[in-house]
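Read off the chains here:
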Amino acid sequence: MSTTLTPFEANPLTVSNHIPFDCLLLSKQLEPFKSMMQNIFHVTWKMEMSVSTKNGEDSRSTFGSKIPLFLQPISDYSFSHQIFIEKLQIQIREARKMGVMLKLVDVILLLFFLLVAVVAPLIDAQTCLPLSYFPDILVQLKTWYTQEYDDYLVSEKPHFFVGLVWLELLFQWPLALLNLYAIFSSKPWFNTSCLIYGVSASTSMVAILSEMMCSKRASEKLLTLYFPFLVLGVLATLRGLLSHSSKTASALGKRSALARKKRA
């Protein structure tokens, strides 16, 4: 015949583990009553089991309703403590999933910042600097790009476009290098620098794409080339708004470890 275990037999925790911290200061005074309270709790639980079985009820669902009043706070504290641990474990799993997603975003942004770090001073800078400063192979590459994608902004050099290129060289390019350093060295201020870069790059791309779409001079091929830079700028902005998941996961992990120690 299978025997039904009481909560104290199934989960070997003493009553003192369920008493709040301030009550544990009176442990010496409560020590003589510990065994007596456990026996009362054991008998009450057995009576509840027998009554619920006769009435055809689920003893586990009605167990907490007929516990003596002086033992009810202890049981409530135990159940709420278990719920807290379950919620904490769910938060840790969600934080780990978020950490994986952020790692993927960081890899994408790493490639983007590397592209900006190379293209900005070698290709884009030809828009506002004399071509004599650059090797012939880079000038030819820029000419091929202009003809291949029919980029009229690069060929005509309107004033607003030249101003945005200067903004890229003097502000966005140093930020891209700073973000690369922050990613490789895991700096805590990466969120701030990434947010600043994302807002600046997104604003510049909105201005360029608005001119292209309003003038209706840009080909679909050219728009397809520029739109991903807008998406990457928005992605950098969102990444800057998110906190480091590693710190969140580690904090939750520490809280879970402390909670397990209290239960032990």
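Parameters and conventions
- Residues numbered from 1 in each chain as written.
- Predicted model: local features only at pLDDT ≥ 70, side-chain atom pairs only at ≥ 80, totals over all residues.
- Heavy atoms only, no water.
- UniProt positions renumbered as here; feature names shortened; annotations may be inferred.
- Helix = DSSP H or I, 4+ residues; strand = E, 2+ residues; numbered from the N terminus.
- 1 Å grid on protein atoms, 1.4 Å probe; cavity = no way out; pocket = protein on both sides within 12 Å on 5 of 7 lines; lining within 4 Å.
- Points joined across faces, edges and corners; volume = space filled by probe spheres on them.
- Salt bridge = Lys/Arg side-chain N within 4 Å of Asp/Glu carboxyl O.
- Buried < 20%, exposed > 50% of the residue type's maximum accessible area, 1.4 Å probe, protein only.

Naming follows an unreviewed UniProt entry, where the chain appears as EXPERA domain-containing protein of Canavalia gladiata. Regarding the chain, the UniProt comment filed under Subcellular location (unreviewed entry) reads as follows: "Membrane".

Now for the UniProt feature "transmembrane region" (unreviewed entry) in the chain. In this structure's numbering, the residues bearing the UniProt feature "transmembrane region" (unreviewed entry) are residues 100–123, 160–182, 194–213 and 225–242. Secondary structure over residues 100–123 splits into 96% helix and 0% strand, and the C-alpha atoms at its two ends are 34 Å apart. Within the segment residues 160–182, helix and strand shares are 100% and 0% respectively, and the terminal C-alpha atoms sit 31 Å apart.

For the largest pocket, the calculated volume is near 680 Å³. Of all elements in the fold, only helix 5 (72–122), helix 6 (136–149), helix 8 (159–185), helix 9 (190–215) and helix 10 (220–241) reach the threshold of two or more residues within the lining of the largest pocket.

The tally for this structure, following the rule as stated, stands at three salt bridges. E156 serves as the salt-bridge partner of R217, at 2.5 Å between the closest nitrogen and oxygen. Separated by 61 residues along the polypeptide, R217 in the loop between helix 9 and helix 10 and E156 in helix 7 (residues 152–156) bring together distant segments of the chain. The exposure class assigned to R217 is partly exposed, which follows from its relative accessible area of 42%.

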